[in-house]
Amino acid sequence: MFDHGKIAIIGGGSWATAIAKIVLNKTGHIGWYIRRDDRIEDFIRLGHNPAYLTEVHFDIDKIAFSNDINKIAQAYDTLIYVTPSPFLKNHLKKLRTSLQDKFIVTAIKGIVPDNNLVCSEYFHQAYDVPYDNIACLGGPSHAEEVAMERLSYLTIGCRDKDKAESFAQLLESEYIKTKTSTDVTGIEFCSVLKNVYAIAVGICSGLKYGDNFQAVLMANAVSEMSRFLKEVSPLERDMMDSVYLGDLLVTGYSKFSRNRTFGTMIGRGYSIKSAQIEMEMIAEGFFGTKCIKEINRHSHVNMPILDAMYNILYERTSPQVEIKLLTDSFR
């Protein structure tokens, strides 16, 4: 069985906090990189993350905090990256420590802008991490429900099945069920696309479309996602699996979905900028829309929902017009 060694969390948001809670259930210690020194000081003083999931309390003696990413990367064997995808490159720019011998787990539900790479591909190409040393964490799972210890299911994707199984066992608990997969790229692209489709659901909700239409929208989103995955990562996969369909459904329908919330604000008439400012959290689907659109310029997959979201978010076309065109294309 693979030994994951000492584990560190990279990132200080809600999902990073929830994952830290899960990992500490099984281990007596973690390292934790948080960029802002004042956040670390408040965390130690309060015993909880001062900005996210403040109801989750930690035994501070079990955590070695640092705002030095190199210190954490040198001292720990498994690094779980949980930063917003648009900021990943900025964090890694400070890195002077080789990652080649580390086990990298990406819990980032987004794509690296400009490079248009899912995170596993980015770590492999930019930092020479072997694919067998890279895993991804798939849903369906909202940080808020994990923090409340509500039953959640996680899929650990890794090309090395032994490493996937070992990490899955680490996360397993009374409220966390796990399984494994070798479809790393498919899981990561699904994590990007489900955020795009959640924005679409939110926009339709803001425009007062009802449940009947939103069910049709989600059904078409599954088909669109399947077409794209077959083109960019042609493996045999069951799209009804919880890591694909389940993650799409929870992100599209849950009150905890920041991408749906962002879309709802756009549908109600907010500008892109004002919605982003008011949310105070990153809606990964905004960035994912542009990245997938650029990837699809080469793949030429029929993706009318993605195209409509791109037109609304980047071409500033009317949500009313775009969604009406979309409704006319559905059957």
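Above this text you will find the structure in question.
Since the model is a prediction, treat every value here as computed from it, not as a measurement.

Engineer: Teacher, can you tell me more about helix H15 (residues 319-329) here?
Structural biologist: An α-helix turns once every 3.6 residues. As a result, residues three or four positions apart point the same way. Turning to H15, its buried residues are Pro 319, Glu 322, Ile 323 and Leu 326. Burial along H15 is one-sided: seen end-on, the buried residues are contained in an arc of 95 degrees. Contacts made by the buried residues of H15 are with helix H8 (184-206), helix H9 (211-232), helix H11 (258-267) and helix H14 (304-313).

Engineer: Just to check I follow, could you spell out the nonpolar core for this structure?
Structural biologist: With 51 residues, the main nonpolar core has Leu 217, Phe 228, Phe 262, Ile 292, Met 309 and Ile 323 as its most contacted residues. Residue assignment for this core shows that the elements contributing at least two residues are H8, H9, helix H10 (242-253), H11, helix H12 (272-279), helix H13 (284-299), H14 and H15. Per-element tally for this core: the top contributor is H8, with 13 residues. Excluding anything up to four places from it in sequence, Leu 217 contacts Ala 200, Val 201, Cys 204, Ile 305, Leu 326 and Phe 330.

Engineer: Any chance you could explain unusual backbone geometry here in plain terms?
Structural biologist: In most cases, non-glycine residues show a negative phi, while peptide bonds are predominantly trans. Each neighbour pair has its own omega, and for Gly 139 with Pro 140 the value is 10 degrees, a cis peptide bond. By the element assignment, Pro 140 lies in the loop between strand E8 (134-138) and helix H6 (143-147). We note that Asn 116 has phi near 55 degrees; this positive angle belongs to a residue other than glycine. By the element assignment, Asn 116 lies in the loop between strand E6 (111-112) and strand E7 (117-118).

Engineer: Can you help me understand the sheet that holds strand E3 (residues 63-66) in this one?
Structural biologist: Adjacent strands of a sheet form backbone hydrogen bonds with each other and so pair up, either parallel or antiparallel. In spatial order, the strands read E3-E2-E1-E4-E5-E8-E9-E10; together these eight strands make up an open sheet with mixed pairing. Of all strands in the sheet, those bounded by a partner on one side alone are E3 and strand E10 (176-181). Neighbour-to-neighbour, the strand axes of this sheet turn through a mean angle of 20 degrees, independent of strand direction. Looking at chain direction, strand E5 (residues 103-106) and E8 are connected through three bridges and run parallel. Bridge pairing in E8 places Ile 104 opposite Ile 134. The strands that helix H1 (residues 14-24) touches are strand E1 (7-10), strand E2 (30-33), E3, strand E4 (78-81), E8, strand E9 (152-158) and E10; relative to E2, the one it contacts most, it runs at about 170 degrees.

Engineer: In this structure, what is going on with the environment of His 300? I would like to understand it.
Structural biologist: With respect to the helices and strands, the residue His 300 is situated in the loop between H13 and H14. Measuring from C-alpha to C-alpha, the distance between His 300 and Ser 223 comes to 15 Å, with 77 residues separating the pair along the chain. Side-chain polar atoms of His 300 contact the backbone oxygen of Arg 297, separated by 3.3 Å.

Engineer: What is the right way to read the pairing of E3 from this model?
Structural biologist: Taken residue by residue, a regular strand's side chains alternate between the two faces of the sheet. In this structure, E2 lies alongside E3, joined through four bridges in parallel fashion. The residue bridging Trp 32 from the neighbouring strand is Phe 65, located in E3. Running through helix H2 (residues 37-46), the crossover from E2 to the neighbouring parallel element E3 is right-handed.

Engineer: Is there a simple way to think about the side chain of Ser 181 in this case?
Structural biologist: Summarising the element assignment, Ser 181 is placed in strand E10. When its relative accessible area of 19% is taken as the criterion, Ser 181 is described as buried. Leave out the neighbours within four places in its chain, and Ser 181 touches Thr 155, Ile 156, Gly 157, Cys 158 and Ile 187.

Engineer: Would you take a moment to explain H10 for this structure?
Structural biologist: Among all positions of H10, only Val 243, Tyr 244, Gly 246, Asp 247, Leu 248, Thr 251 and Gly 252 are buried. Tucked inside the fold, the buried residues of H10 contact E8, E9, H8, H9 and H11. At the N-terminal boundary of H10, the capping side chain belongs to Asp 241, with an oxygen 3.1 Å from the backbone nitrogen of Val 243.

Engineer: Explain the layout of surface pockets to me, please; I cannot follow it from the model alone.
Structural biologist: Which parts of space are left empty comes out when a probe the size of a water molecule is rolled across the atoms. Of the voids in this model, the largest pocket is the one considered here, and its volume is about 970 Å³. Gly 13, Ser 14, Val 82, Pro 84 and Arg 258 are the residues nearest the centre of the largest pocket, which is lined by 40 residues in total. Among the elements of the structure, H1, helix H4 (88-93), H6, H8, H10 and H11 are those that each provide at least two residues to the lining of the largest pocket. Here the residues of the lining of the largest pocket sort into 15 nonpolar, 14 polar and 11 charged.

Engineer: What is the right way to read the packing of H8 against H13 from this model?
Structural biologist: Relative placement of two packed helices is described by the angle separating their axes and the distance separating the axes. At a minimum axis distance of 8 Å, the contact between H8 and H13 shows a crossing angle of 115 degrees. Between H8 and H13, the interaxial angle falls into the category roughly perpendicular. In this structure, the crossing between H8 and H13 has a hand that is left-handed. On H13, the residues that touch Phe 189, Val 192, Leu 193, Asn 195, Val 196 and Ile 199 of H8 are Glu 284, Gly 285, Phe 286, Gly 288, Thr 289, Ile 292 and Ile 295. In terms of residue class, the contact of H8 with H13 is built from eight nonpolar, four polar and one charged.

Each value, and the rule that gives it
- All residue numbers here refer to positions counted from 1 along the written sequence of the relevant chain.
- Since the coordinates come from a predicted model, pLDDT governs what is reported: local features require at least 70, and pairs of side-chain atoms require 80 or more to be given and counted, while whole-chain, interface and lining totals use all residues.
- Each side-chain value is worked out from all heavy atoms of the structure, with water and hydrogens disregarded.
- Burial classes follow relative accessibility: with a 1.4 Å probe on protein chains only, a residue under 20% of its type's maximum area counts as buried, one over 50% as exposed, and anything between as partly exposed.
- Helix and strand assignments come from DSSP, with helices taken as H or I runs of at least 4 residues and strands as E runs of at least 2, each series counted from the N terminus.
- Think of the arc as the fan of directions from the helix axis to the C-beta atoms.
- Two residues qualify as a contact provided that any one of their heavy atoms is within 4.5 Å of a heavy atom in the partner residue.
- Here, nonpolar core refers to any group of buried Ala, Val, Leu, Ile, Met, Phe, Trp, Tyr and Cys residues whose side-chain atoms link them within 4.5 Å.
- At least two DSSP bridges between two strands are required for those strands to pair.
- Where helices are involved, their axes are fitted lines through C-alpha atoms of the stretch in contact, as for all axes, and angles between N-to-C directions lie from 0 to 180°.
- Polar contact is defined as a pair of N or O atoms within 3.5 Å, subject to the rule that within protein one atom must be able to donate a hydrogen and the other to accept it, and that residues adjacent in sequence are counted only when both atoms are side-chain atoms.
- With strands facing away from the observer, any crossover in which the path from the first strand over the helix to the second runs clockwise is taken as right-handed.
- Method remark: on a 1 Å grid restricted to protein atoms, a set of points is classed as a cavity if a 1.4 Å probe fits but cannot get out and as a pocket if it is open with protein on both sides within 12 Å along at least five of seven lines; lining residues have an atom within 4 Å of a point.
- Grid points are joined across faces, edges and corners, and a volume is the space filled by probe spheres set on the points.
- Note on residue categories: nonpolar means Ala, Val, Leu, Ile, Met, Phe, Trp, Tyr, Cys or Pro, charged means Asp, Glu, Lys or Arg, and polar means any other residue, Gly included.
- In what follows, roughly perpendicular refers to angles from 65 to 115 degrees, roughly parallel to angles under 35, roughly antiparallel to angles over 145, and oblique to any angle outside these ranges.
- Crossings are sorted by hand: turned counterclockwise from the far helix by less than a right angle, the near helix makes the crossing left-handed, and turned clockwise it makes it right-handed.

Shape descriptors only; they carry no functional weight alone.
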